[in-house]
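Breakdown of the fold
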2 protein chains.
Amino acid sequence: MASSLTLSQALFSAAVSDRTSVAASPVSIPALPAHRSISSFRASRLVGVSSARRIASPVIRAQAVGTVEKTAETSLVDKSVNTIRFLAIDAVEKANSGHPGLPMGCAPMGHVLYDEVMRYNPKNPYWFNRDRFVLSAGHGCMLQYALLHLAGYDSVKEEDLKNFRQWGSKTPGHPENFETPGIEVTTGPLGQGIANAVGLALAEKHLAARYNKPGSEIVDHYTYAILGDGCQMEGIANEACSLAAHWGLGKLIAFYDDNHISIDGDTEIAFTENVDARFEGLGWHVIWVKNGNTGYDEIRAAIKEAKAVTDKPTLIKVTTTIGFGSPNKANSYSVHGSALGAKEVDATRKNLGWPHEPFHVPEDVKKHWSRHVPEGAALEAEWNTKFSEYEKKYAAEAAELKSIIEGTLPSDWEKALPRYTPETPGDATRNLSQANLNALAKVIPGLLGGSADLASSNMTLLKMFGDFQKDTPEERNIRFGVREHAMGAICNGIALHCPGLIPYCATFFVFTDYMRAAMRLSALSGAGVIYVMTHDSIGLGEDGPTHQPIEHLASFRAMPNILMLRPADGNETAGAYRVAVLNRKRPSVLALSRQKLPNLPGTSIEGVEKGGYIISDNSAGNKPDVILIGTGSELEIAAKAADVLRKGGKAVRVVSFVSWELFDDQSETYKESVLPAAVTARVSIEAGTTFGWQKIVGSAGKAIGIDTFGASAPAGKIYKEFGVTVEAVVAAAESLC
Amino acid sequence: MASSLTLSQALFSAAVSDRTSVAASPVSIPALPAHRSISSFRASRLVGVSSARRIASPVIRAQAVGTVEKTAETSLVDKSVNTIRFLAIDAVEKANSGHPGLPMGCAPMGHVLYDEVMRYNPKNPYWFNRDRFVLSAGHGCMLQYALLHLAGYDSVKEEDLKNFRQWGSKTPGHPENFETPGIEVTTGPLGQGIANAVGLALAEKHLAARYNKPGSEIVDHYTYAILGDGCQMEGIANEACSLAAHWGLGKLIAFYDDNHISIDGDTEIAFTENVDARFEGLGWHVIWVKNGNTGYDEIRAAIKEAKAVTDKPTLIKVTTTIGFGSPNKANSYSVHGSALGAKEVDATRKNLGWPHEPFHVPEDVKKHWSRHVPEGAALEAEWNTKFSEYEKKYAAEAAELKSIIEGTLPSDWEKALPRYTPETPGDATRNLSQANLNALAKVIPGLLGGSADLASSNMTLLKMFGDFQKDTPEERNIRFGVREHAMGAICNGIALHCPGLIPYCATFFVFTDYMRAAMRLSALSGAGVIYVMTHDSIGLGEDGPTHQPIEHLASFRAMPNILMLRPADGNETAGAYRVAVLNRKRPSVLALSRQKLPNLPGTSIEGVEKGGYIISDNSAGNKPDVILIGTGSELEIAAKAADVLRKGGKAVRVVSFVSWELFDDQSETYKESVLPAAVTARVSIEAGTTFGWQKIVGSAGKAIGIDTFGASAPAGKIYKEFGVTVEAVVAAAESLC
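All residue numbers refer to positions counted from 1 along the written sequence of the respective chain. Labels are handed out in written order, letters beginning with A for the chains and numbers beginning with 1 for the ligands. In keeping with the predicted nature of the model, local features appear solely for residues at pLDDT of at least 70, side-chain atom pairs appear and are counted solely at 80 or more, and the whole-chain, interface and lining totals rest on all residues. Only hydrogens and water are set aside when side-chain values are computed; all heavy atoms of the structure are taken into account.

We now examine the sheet that holds strand S15 (residues 588–591) of chain A. Residue and element names in this part refer to chain A. When DSSP finds two or more bridges between two strands, those strands count as paired. In this description a helix means any DSSP run of H or I spanning at least four residues, a strand means any run of E spanning at least two, and both kinds are numbered starting from the N terminus. In spatial order, the strands read S10-S11-S9-S12-S13-S15-S14; together these seven strands make up an open sheet with parallel pairing. With partners counted over all chains shown, the strands left at the sheet margins are strand S10 (467–468) and strand S14 (563–565), one partner each. Sheet topology note: the strand S9 (residues 447–451)/strand S12 (residues 502–508) ladder contains five bridges and is parallel. Looking across to S12, one finds that Leu447 is bridged to Ile502. The sheet strands contacting helix H19 (residues 484–497) are S9, strand S11 (477–479), S12 and strand S13 (530–534), and the helix crosses S12 at an angle near 170°. Should any heavy atoms of two residues lie within 4.5 Å, those residues are considered in contact. Comment: axis = line fitted to C-alpha atoms, over the contacting stretch for helices; angle = value between 0 and 180 degrees taken between N-to-C directions.

Dropping the structure here:
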């Protein structure tokens, strides 16, 4: 069932496979040049690059040739691998906090990846065409910090390693892209990283399909990930990996650190499924490296095989020993998440023959790795040359791709936003959203996305494009299936691939509950995903309380660095999209109605940017009798209540409170001009929980909303039964003024 | 690879399999009596019941014999199946809202299950030993309503079918256990139901192992589920199904409605994995029924085979046509979630030869189904007799099981709660939580649970019990692996199995983001799960912002019908458990510290029940100068700040605000006695978002908290850097009074 290595590799692996063996040395075999046994199209691209490296610069060529020879010297590889292990051990020991087990077990695959396989430029971690690496098992971050350090990234100097997990350091407790250049995405919450990697690989496949030309493969990189048993157990990983195979992401290569240990002990207690069989069922190519502890050649051969399979993602199951090298703690949960302790560190030093001081990098290891700085610069320079040639031949495509790489928007993109007048027939904001998406997709080349199997309900199809699929990766409608959680995390990967990709994704607002962990990571990692969340209240009607959001608006208003927007009509929907597109490091959640809403007098695109603004007012001197505050579908109710109250002689201001976060960002003067402190007669109305509204309406005000679950019935009936009505607003206002 | 039917069944299936055929009739074969070809232990139990039925009552015997004969008359089965189809069609049509497609395709399996296989008592939907059925594809609820109606449940009368999806009806838009007796769990959000079913099957296996005696199998039922393509795509389903196989839940039989259609169209666009292979990888027994539209015998044979496999759960993949019978809409997404429309309803009536009025149940169908009322009563009576005999032989076990079945607690259970004094050395509330769990498990027989691979961090192990595992199902520590979402949904299933089972589950508080959809269903469906959520703030330190909850307290305070509790020390942790145990229809979330906290003077178990209460006060006449309000680990800071302020001559009240929901439930008099309206000088402190605190501190008060993401560093340092300190509280208080 499980896929096998090539015959010769199988013989090697038989010779060296011993999961628990500490001192076993692999059979030393000179590595074959990469192009020997690879014949497929994508692999030939790889060969192209290798030869290009050798031709491009004599300095690089010498080093590159040297590399192949040196890499074959197993003793130096052993030394490099042990350097990685001890940097992790020492940093965790100094912090007295962290996870040494994974870096000790995964150091060999880490070494092979960063030293022999991956293409990157340490002095420009943002070089567009770099290979991407994601440590989905983020707790093992010292592995990646050690690798970035050896490779010459400025973000991880020796002092950074010594400051592991300390305030203000570049080496936090889990990998954070916003702290440490060289880290692609923020991981730690398990399963997210592999889904991010699917997004990165999707982005590459998409851009390659759109912009590569025969002989000008300007977009061409791999995406690598390491995931552990924990990631494998998480549902999000299964969702994402099902999609990765469906999309045929052949340049996604995931290493499964199969160490049989999780925090609670042996995985036998909770995880006895056949992972290989599951992945084959999902449609992946599966390879098993039996000796991940010292089997460098096995790892190399597996990567070679993985690259040769171009129509499927590959899972390389690498059996390792957690905490490899620790005589008393290896292969046990005790090495997973705690410092080894001085005594065991000493024992491990003895066991692995490592006489050095903490944080020591031996000179020959340093020298060996030092080539990555010039090589990386050469790779980027070579690509720049290639891009210049591409630019000459394909000016329009080059300009467009450049805007995606750099994240620049066309100067007149905002003109595409539709505008409405009160005379424009009313519509559901989900439909207005689709108008915006379609208008924007025409002018923003990096806008792409889709829905979790609700495209026709969320109204997210881009009509001028087809589906992003295995054989049509140039298209821009992504079909996520019913996989909300992976959808969010995949979009994080797309957004963080390069600044000009603007992914949007959609489901019913209530099902943000399925993807909240991914959305939080959008916010934390600065991934400007646009969340198109329709059916945003009891207004969805008959589907009932399982489908009706109540607490969701509040729950996102409470989340840092995310923009919760609830537009009321056409202009506000356009305004919400303007905000969402411009906020590239702050994700936006758009709560949109299922039901039809009128275009209200006074709403505007510009108003939305203020978060809260006056849409109508018959008062003078900033002293209304009462302020009515509404959002989304209830702004209409506030406006109608104002009409009633004004007929009764009241001076009434109506405020649209479309985004609390944006309002918070305004000056005190502006805020006072909308919500003057002296006016305490305030009534809010929103078809959701009143939780949090006291901040806006104040102790003297009244918040109208729904603090219980909803119900199954036609929408109008539910609104009436829950008292979310014009009459309720009028009564509340009259009680206050 | 896929499992196969028996040879004879394979021949039948070859004769009848045609997914898209509308009019095909299955080969009519007399059904074999159930005991003919079944030899395993569990199957023999089934046979035992069948014979018992025949012996118990002459009336029942005659009907039971009749049933076997009648069931063999395919024409009547066809008629019954079409009755189900048209009840669904007619109800959706009348409501002009709903999902006819699934009921039309799944009517045959529904008929076989409810009419031929399942054991239940329509007049007592809560009979303990009933078979459980879960419609994981909850949007198809008209299938279940039609079946409950035919079977004679009082909850679904003809008028209820006619009120489908209307305000106040017993037939809401998705199955809701709290609205409709006969519905076991609340489904609709996809994937939840199959995970609930895993919980129900776990509960059965656990109770059977604890209470059954040789010859007295007092706990003995199956759990059936129907899940669709949507459920299959959701990660939670994979998590739950991995566990189901790991635990060897042989009495869980899941039907996968393989109709190749989801809302966005053919599943080919997003779901091309090999589900059979994945389930075999997970460790399930897999059977494929090729003709689910009319292949009654195939369905019967599959169930027979599934029952014979006792060490694994079984997935019966039933290939059906969505909207079977509709000449123009079958096998298309258009029949998934909308009424057929009058014209297509007529065409379907013609096509299926159904001349009847809407909602008509033919007399012979009615008569055929009518036997379930007396049979169900007999089943229950027979079980009651069995239980009486069991009670005589095993008095202690019977009493304990009875308390689990009825949900009664031992009269003195509360005495088990530990109590503390300020002299008791301080401890982390996660450790205090473990003391409570262990104390309670000794006196509450239905308490069981565990962690998502963080048992040693969440401190959830019950020391006197072993692990609930495949071969030790009588034990009470459940190992969920890193599967938070399934964990929550499985606990919902356990809680809703019978009132006396009290499941608890645990992870880091921040990872409630992974399981929020399940937690919301705990709240909505009245499943009193205890969520043990540790590492509840920046106080966890070095793991950093991915692991530090900020908005989570607010996000649960905003959720209806859930109790968010944040105890500050030993007494409050015990108080939180008291509340959690007593609230059987309202789940509790306990936010617990990683770090050590002192036992504070003034805290109490009784205080917790009020939600907010005074722990110290040097004011008189209910007129303190300032009120300091803290929760959990920050109550200590409030108490220390009070000391400082009192030394400066202030009259200071310190309030522990352990649960906002419980405080809300108190009388206005009580609330005024704690937070007098006249005292507007109020300062709150909590190491989380300030969002929502304005309700408590009022417009004039100050809320100290953290409105950004956290950081990776030692906990003390983070508290200081974020200004969550005694000094900050003192300064805020001094600015107010």
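There is more to say after this.
Our focus in this paragraph is helix H4 (residues 74–95) of chain A. An α-helical turn contains 3.6 residues, so any two residues separated by three or four positions project in the same direction. Residue and element names in this part refer to chain A. Helices are assigned an expected span. That span is 1.5 Å times one less than the residue count. With 22 residues, H4 should reach 32 Å at 1.5 Å per residue; the first-to-last C-alpha distance of 31 Å fits that figure. Per-residue accessibility, obtained with a 1.4 Å probe over protein chains only, is compared with the maximum for each type, and a residue is labelled buried under 20%, exposed over 50%, and partly exposed between these values. With 17 of 22 residues buried, H4 is to be regarded as a mostly interior element. After H4 finishes, the residue Asn96 shows a positive phi value of roughly 50°.

Looking at where Pro545 of chain B falls in the secondary structure, it is placed in the loop between strand S13 (530–534) and helix H21 (552–557). Looking at Pro545 of chain B, the relative accessible area reads 2%, which means it is buried. In sequence terms Pro545 of chain B and Ser712 of chain B are 167 residues apart; their C-alpha atoms lie 6.5 Å from each other. Sequence-distant contacts of Pro545 of chain B, that is, excluding residues within four places in its chain, are made with Glu176, Arg520 and Leu524 of chain A together with Phe709, Gly710, Ala711 and Ser712 of chain B.

Tallying the contact residues gives 98 residues for chain A and 97 residues for chain B. Accessible area, probed at 1.4 Å, shrinks when two parts are joined; the buried area is that loss added up over both. When chain A packs against chain B, the two sides together hide about 8000 Å² of surface, and 59% of this comes from carbon and sulfur. We count a salt bridge whenever a side-chain nitrogen from Lys or Arg sits within 4 Å of a carboxyl oxygen from Asp or Glu. The interface formed by chain A and chain B holds eight salt bridges in total. Pairs of N or O atoms within 3.5 Å make up the polar contacts considered here, provided that, within protein, one atom can donate a hydrogen while the other can accept it, and that residues adjacent in sequence are counted only when both atoms are side-chain atoms. In this structure, the connection of chain A to chain B is made through 47 residue pairs in polar contact (both at pLDDT 80 or more). Classes in brief: Ala, Val, Leu, Ile, Met, Phe, Trp, Tyr, Cys and Pro nonpolar; Asp, Glu, Lys and Arg charged; the others, Gly included, polar. When grouped by side-chain class, the residues that make up the side of chain A that touches chain B number 39 nonpolar, 35 polar and 24 charged.

Looking now at the state of the cysteines. All names here are of chain B. By disulfide we mean two sulfur atoms from cysteines, separated by a distance within 2.5 Å. Scanning the entire structure with this criterion turns up zero disulfides over all chains. Cys231 provides the cysteine sulfur closest to Cys241, a residue in no disulfide bond, and the two sulfurs are 9.5 Å apart. Take Cys241: its relative accessible area is 1%, and that puts it in the buried class.

This brings us to the UniProt feature "binding site: substrate" (unreviewed entry) in chain A. UniProt positions are given in the numbering used here, feature names are shortened, and annotations may be inferred rather than shown by experiment. According to UniProt, the "binding site: substrate" (unreviewed entry) feature falls on His99, His336, Arg430, Ser457, His535, Asp543, His547 and Arg594 of chain A. A stretch of 496 residues holds the annotated residues, and the largest C-alpha distance among them is 47.8 Å, long enough that they do not meet in one place. Within the fold, His99 of chain A resides in the loop between H4 and helix H5 (101–117). A relative accessible area of 10% places His99 of chain A in the buried class. Aside from chain neighbours lying at most four places away, what touches His99 of chain A is Val92, His139, Gly140, Arg165, His336 and Gly337 of chain A together with Asp543 of chain B. Reaching out from His99 of chain A, the side chain makes a polar contact with the backbone oxygen of His139 of chain A at a distance of 3.5 Å.

With respect to the element layout, Arg479 of chain B can be found in strand S11 (residues 477–479). A polar contact is formed between the side chain of Arg479 of chain B and the side chain of Asp467 of chain B, at a distance of 3.0 Å. Discounting residues that sit within four places of it in the chain, Arg479 of chain B has contacts with Asp264, Ile269 and Ala270 of chain A together with Leu243, Trp247, Ser451, Ala455, Leu461, Asp467 and Gln469 of chain B.

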